[in-house]
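Given next are the chains, with one letter for each unit.
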Amino acid sequence: MTALDARTDPATTLRFPEGFRWGTATAAYQIEGAAAEDGRTPSIWDTFSRTPGKVRNGDTGDIAADHYHRLDEDVALMRRLGVTDYRFSIAWPRVQPTGRGPAVRKGLDFYRRLADSLLEAGIRPVATLYHWDLPQELEDAGGWPHRETAHRFAEYAGIMADALGDRVATWTTLNEPWCAAFLGYGNGVHAPGRTDDLAALRAAHHLNLAHGLGARALRGALPASAEVSLTLNLHAVRALTQAPEDLDAARRIDAVGNRIFLDPVFHGRLPEDLVRDTAPVTDWAFVRDGDLEAAAAPIDSLGINYYSPSVVAAGSSESPSPWAGAERHVRFVPAPGPRTAMDWPVDADGLHELLIRLRDELPGVPLVITENGAAYDDYADPSGNVKDPERVAYLHAHLAAVHRALEDGADVRGYFLWSLLDNFEWAYGYSKRFGIVHVDFATQRRTLKDSARWYAEVIARGGLAEE
Ligand code: FCB
């Protein structure tokens, strides 16, 4: 069927609004490879992945999906899928290797080339400035717990806006600052691998500050029509029961998982209960006058990454934890039902709940799903097919949840599927496959999975057909 037939096909039961953005997402360290080429220096993820025991099988992003050398092929794949948008991230150490001073031309050229070939293919480039690959030199100088890093980020944001602002109109400052702060500095499962609650809280604050200063720098260099955004992995947290102790456990996780970013960014304040809960760790004296106002620089949309919800009850969890002390009061309860290869529960209602909450709490803020997807143990069969019915079911259910939220009045503008390609899944290395395109990492051969063909049809239809 042609795209036009698909759009008018009566079998399309859940139609998305005209102009809805259908994208795929990736991140630099997870796909680019070329880790030491053209002046790129190590990021904290290069260092971390080389540290024995940190990443499964000792995998690194040295080669990854070799996207740095296969940009044309990968853009051609996206053109085949018919995506309207592509969300990628810029590797800070590729363009500003020491995290300060002038940019490296070859690094900038790569992203210029990427943006140009996307535009040429009719795909809107959506650039994220920080998807966790801090230049190692900045970590050596103190990393995100250190205030100066926020100023370094603002300088880098300005450089990128100057270099790419003529061709990239949609910008995201940070991807998932919660993970950067609390997995990076709290429980240490992500780079740089520190386990220090105070460092994690300081990092969270300086990421909020970096976001605000970065947004201001972007605005200073971009045309007024540019879109500036932030992506959060908000936790869809549910209390196991309505007992006050369980509700309090959910409140604590909401404070340190969600409102620690939402309140500074949208209201220029810190949540009072968060300050109370974290009193054993810090008095927050590192927050200076004007910081919270800076963090609240106006943005045009909020990006949401959603994979699964959390269910919590009163109790306690293991330490070191990414919860800055809340783990002493909170037990995480395994949710029932099917799970992905990450062992994450499949629960599309959590996405609907999150979107409805944001509809109510942030009226007037357009929402974009900047990541959603699932890992399964995919393989290419001898005839070159990759059958991934579980992924199709996962995506179908989550898109249906987005559609339901739209009907309920949530202002959702787009959906970016994580991920275009199988890639380096952080501490899991190459053992987890999130792509709708299979990558054979020995040969770098790309093969469309069934889910890629399914997504192409969804895009062509402008919605979902009956299952
Ligand atoms: C998110 C990350 C992304 C990817 C997915 C599975 O937390 O932003 O890079 O690893 O999880």
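In the block above lies the structure referred to throughout.
Keep in mind the model is a prediction, meaning the values are calculated, not measured.

S.K.: Explain the overall build of the protein chain to me, using residue names and the numbers behind them.
M.R.: In terms of regular secondary structure, the protein chain is built from 16 helices and 15 strands. For the protein chain, the C-alpha radius of gyration of 21 Å lies close to 23 Å, the compact-globule estimate for 467 residues. If one aligns the C-alpha atoms of the protein chain with their principal axes, the spans along those axes are about 60 × 55 × 45 Å. Counting only residues that meet the buried cut, the protein chain has 62% of its 467 residues in that class. Pairs at least 24 apart in sequence give 76% of the contacts found in the protein chain among residues at least 6 apart. With an accessible surface of roughly 17300 Å², the protein chain has 51% of that area assigned to carbon and sulfur atoms.

S.K.: Talk me through the sheet that holds strand E4 (residues 124–130); I want residue IDs and the actual numbers.
M.R.: Strand order in the closed barrel formed by 8 strands is E2-E3-E4-E5-E6-E8-E11-E12, with parallel pairing between adjacent strands. Strand-to-strand twist across the sheet, computed as the mean angle between neighbouring axes with direction ignored, equals 25°. Pairing of strand E2 (residues 21–25) with strand E3 (residues 85–89) involves 3 bridges; the strand directions are parallel. Opposite Thr-24, over in E3, you have Tyr-86 as the bridge partner. Sitting on the sheet, helix H10 (residues 197–221) is in contact with E4, strand E5 (170–175) and strand E6 (227–232), with an inclination near 165° to E5.

S.K.: Give a description of the site of the ligand that names residues and reports values.
M.R.: The environment of the ligand is formed by Gln-30, His-131, Trp-132, Asn-175, Glu-176, Asn-305, Tyr-307, Glu-371, Trp-418, Glu-425, Trp-426 and Phe-434. Measuring from an oxygen atom of the ligand, one finds a side-chain N or O atom of Glu-425 at 2.6 Å. In isolation the ligand offers 290 Å² of accessible surface; the protein chains occlude 94% of this area. A breakdown of the residues in the shell around the ligand according to their chemical character gives 5 nonpolar, 4 polar and 3 charged.

S.K.: Any details on the pairing of E4? Residues and values, ideally.
M.R.: Within E4, 6 of the 7 residues are buried, which leaves it mostly tucked inside the rest of the structure. Pairing analysis gives 5 bridges linking E3 to E4, with the strands arranged parallel. Residue pairing in the sheet places Arg-87 in a bridge with Val-126 of E4. Pairing of E4 with E5, which is carried by 4 bridges, proceeds in the parallel orientation. The partner of Thr-128 across the bridge, within E5, is Thr-172.

S.K.: Could you give me a rundown of the packing of aromatic side chains, with the residues and numbers involved?
M.R.: Enumeration over the complete set of coordinates arrives at 32 aromatic pairs. Through a chain of ring-to-ring contacts, three or more aromatic side chains come together here, namely Tyr-29, Trp-45, Phe-48, Trp-132, Phe-424, Trp-426, Tyr-430 and Phe-441. Geometry around Tyr-68 places Arg-94 over its ring, the cationic atom sitting 4.1 Å from the centre.

S.K.: Kindly report on the sheet that holds strand E9 (residues 310–314), identifying the contributing residues and their values.
M.R.: The strand order across the open sheet built from 3 strands is E7-E9-E10, with neighbouring strands paired in mixed fashion. Strands with a single pairing partner mark the edges of an open sheet, and in this sheet they are strand E7 (237–239) and strand E10 (330–333). With direction set aside, neighbouring strand axes in the sheet form an average angle of 40°. As paired elements, E7 and E9 share 3 bridges and run parallel to each other. If you follow Ala-239 over to E9, its bridge partner there is Val-312.

Cut-offs used in this document
Residues numbered from 1 in each chain as written. Predicted model: local features only at pLDDT ≥ 70, side-chain atom pairs only at ≥ 80, totals over all residues. Heavy atoms only, no water. Helix = DSSP H or I, 4+ residues; strand = E, 2+ residues; numbered from the N terminus. Rg over C-alpha atoms; globule rule 2.2 N^0.38 Å. Buried < 20%, exposed > 50% of the residue type's maximum accessible area, 1.4 Å probe, protein only. Contact = heavy atoms within 4.5 Å. Areas by Shrake-Rupley, 256 points an atom, 1.4 Å probe, with all protein chains shown as cover. Pairing = 2+ DSSP bridges. Axes fitted to C-alpha atoms, helices over the stretch in contact; angles between N-to-C directions. Near = heavy atom within 4 Å. Polar contact = N/O pair within 3.5 Å; in protein donor to acceptor, adjacent residues only side chain to side chain. Nonpolar A, V, L, I, M, F, W, Y, C, P; charged D, E, K, R; others polar. Phe/Tyr/Trp six-rings, centres within 6.5 Å; stacked < 30°, edge-to-face > 60°. Lys NZ or Arg CZ within 6 Å of the ring centre and 35° of its normal.

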